[in-house]
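# Results of the structural survey
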Amino acid sequence: MKKLNVLDWIALILVIVGGLNWALVGLFDFDLVAAIFGDMSVLSRIVYVVVGLSAVYLLVTSMQLRKGNE
């Protein structure tokens, strides 16, 4: 089994934080990122983009791991 490197851990943490933020939006109509950085401010948009890129990174990494296990 492959050990996680620093980039893997960062991406995983960001995706978990993003998922928790979406849970808050769905359950309580509360966007934590917007509350901290401002509604669609430059910083909040950067956070959204970085979380999205982390999800893409994890998707690609998981596909590579799957191919390696076949």
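These numbers come from a predicted model, not from an experiment. (Residues numbered from 1 in each chain as written. Predicted model: local features only at pLDDT ≥ 70, side-chain atom pairs only at ≥ 80, totals over all residues. Heavy atoms only, no water.)

If you tally the helices and strands in the protein chain, you get 3 helices and 0 strands. Against the 2.2 N^0.38 benchmark of 11 Å for 70 residues, the protein chain shows a C-alpha radius of gyration of 14 Å, more extended than a compact globule. Principal-axis analysis of the C-alpha atoms gives the protein chain an extent of 45 × 25 × 15 Å. Taking all 70 residues of the protein chain together, 14% fall into the buried category. Put simply, of all contacts in the protein chain between residues at least 6 apart along the chain, 51% involve residues at least 24 apart. As displayed, the protein chain has an accessible area near 5,600 Å², and 73% of this comes from carbon and sulfur atoms. (Helix = DSSP H or I, 4+ residues; strand = E, 2+ residues; numbered from the N terminus. Rg over C-alpha atoms; globule rule 2.2 N^0.38 Å. Buried < 20%, exposed > 50% of the residue type's maximum accessible area, 1.4 Å probe, protein only. Contact = heavy atoms within 4.5 Å. Areas by Shrake-Rupley, 256 points an atom, 1.4 Å probe, with all protein chains shown as cover.)

Right, let's get into the confidence of the model for the protein chain. Predicted confidence across the protein chain gives a mean pLDDT of 93, with 97% of residues reaching 70 or more. Across the protein chain, helix 1 (residues 6-28) holds the top mean pLDDT of 97, while helix 3 (residues 42-69) sits lowest at 92. (pLDDT = per-residue confidence, 0-100.)

For the rest of this paragraph, the subject is the side chain of D8. Structurally, D8 is set in helix 1. Using a relative accessible area of 2% as the deciding quantity, one classes D8 as buried. Apart from the residues within four sequence positions on either side, D8 is in contact with K2, K3, Y57, L58 and T61.

With 28 residues, helix 3 should reach 40 Å at 1.5 Å per residue; the first-to-last C-alpha distance of 41 Å fits that figure. Buried within helix 3 we find S44, V51, S54 and T61. On its buried face, helix 3 sits against helix 1 and helix 2 (32-37). (Expected span 1.5 Å × (residues − 1).)

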